[in-house]
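# Examination of the molecular architecture
Given next are the chains, with one letter for each unit.
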Amino acid sequence: MSKFLKGATLLALIKGILLSEKMIYIDGSSTVFPITEAVAEEFQKVHKDIKVVVGISGTGGGFKKFLRNEIDINNASRPIKEVEIENAQKNQIEFIEIPIAYDGLTVVVHPSNTWCNELKVSELKKLWEPEAQDKVKKWSQVRNDFPDKDINLYGPGVDSGTYDYFTEAIVGKEGSSRGDFVASEDDNVLVQGVSSDPLALGYFGFAYYEENKDKLKAVKIDPEDGRGPIAPTIENIMTGKYFPLSRPLFIYVNVNSLKKEEVKKFLEFYLKNAKKIVKEVGYIPLSDKAYKLALDRIKKVKKGSIFGGKGSKVGVNVEEMLEKN
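Residues numbered from 1 in each chain as written. Predicted model: local features only at pLDDT ≥ 70, side-chain atom pairs only at ≥ 80, totals over all residues. Heavy atoms only, no water.

### With respect to the packing of aromatic side chains
A complete count under the given rule lists 14 aromatic pairs for this structure. Judged by centre distance (5.0 Å) and plane angle (70 degrees), the ring pair of F63 and Y252 falls under edge-to-face. With a gap of 189 residues between them, F63 in helix α3 (residues 58-67) and Y252 in strand β12 (residues 246-254) connect regions that are remote in the sequence. Residue F63 is classed as buried on the basis of its relative accessible area of 1%. The buried category is assigned to Y252, whose relative accessible area is 0%. Plain terms: the ring middles of F266 and Y270 are 5.7 Å apart, the flat faces sit at 90 degrees to each other, and that makes the pair edge-to-face. Of this pair, F266 and Y270 both sit in helix α11 (residues 261-280), four residues apart, roughly one helical turn. Each member of the pair F266 and Y270 is classed as buried. Connected via pairs of aromatic rings, a cluster forms that spans F63, F66, F95, F250 and Y252. (Phe/Tyr/Trp six-rings, centres within 6.5 Å; stacked < 30°, edge-to-face > 60°. Helix = DSSP H or I, 4+ residues; strand = E, 2+ residues; numbered from the N terminus. Buried < 20%, exposed > 50% of the residue type's maximum accessible area, 1.4 Å probe, protein only.)

### Section: the nonpolar core
Ranked by internal contacts, the top residues of the largest apolar core, which has 100 residues, are I98, I100, L201 and F266. The element contributing the most residues to this core is α11, with nine residues. In this structure, I98 is in contact with L249, F250, I251, V253, L267, L271, A294 and I298, ignoring residues within four places of it in sequence. (Core = buried A, V, L, I, M, F, W, Y, C linked by side-chain atoms within 4.5 Å. Contact = heavy atoms within 4.5 Å.)

### Quick notes on the confidence of the model for the protein
When pLDDT is averaged across the protein, the result is 90; 91% of the residues are at 70 or more. Low confidence marks residues 1-9, where pLDDT is under 50. Its contacts with residues over four positions away, or in another chain, come to zero contacts. (pLDDT = per-residue confidence, 0-100.)

### Let's talk about the sheet that holds strand β5 (residues 106-109)
Spatial ordering of the open sheet is given by β8-β7-β9-β5-β10, a layout of five strands whose pairing is mixed. Only two strands of the sheet have a single partner each, and these edge strands are β8 (182-183) and β10 (217-218). Pairing analysis gives four bridges linking β5 to strand β9 (residues 200-204), with the strands arranged antiparallel. By the bridge assignment for β9, T106 is matched with F204. Each of β5, β7 (152-155) and β9 is contacted by helix α5 (residues 121-128), which is oriented at about 95 degrees to β7, the strand it contacts most. (Pairing = 2+ DSSP bridges. Axes fitted to C-alpha atoms, helices over the stretch in contact; angles between N-to-C directions.)

As structure tokens, then:
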């Protein structure tokens, strides 16, 4: 009996401690996850009484939770869509959109692949457009001098903002893609797939390539504007030279959540430390001015999206858009 009482007392004590903790709930993009997770870890070292829980359910999946008022912050690898804004209004949820970094979608193959060093945008479209389903199944169908071998495709699932952006940039219409590929909202699953399959081709965020470049090979992308194939490098992504696969990344905060002191502290910490942490996890930071403008959006509670609910946009200059809005 005494042992039971001790155990029950301990459980009650633990429960009491947990209940007294201030909680911040975040979900969404697997691409933005490494940044937000790293910020959360550093933040909790300073604020030991605040617990930050960061999940991965894809940008779209995160927005569903965000618009049901289940989380405080949504990580997003694309701007909010018009239908999501309509749902926010329906559920009386106001939000602030905060750009936090740049990313370059990286097309990758297995390191043993000797034939595919670069691809034209038109070749990627030929491979990924809806019409390619069950038809473009071999490497030789992408380019005549590629081997007559099966091509195995890996990419983000339909709830992923990376999927939305890639289809907009490459196919020309957001969400327009073949469906016969190995899909996952978790980029680590895609890394594992491509790195273990000599006939694979996949795409995901730059940081996941950087972290695993010893077992992946990045493919240069030719935008077919006369410049030739361009590699996904930090400099090329930051300057926008890596076109059309450079893009901004975001977090979205519920305005009601911002009324909680712990959320406000977290966001201020996020933007004041983003430049350093973004670099550390393999992404590309915004300019100092852009981070200051983003912090102003929080301080002044500037609600809504600077993208007007139009979803993925190719070739965006974040600093310019923040200045205009």
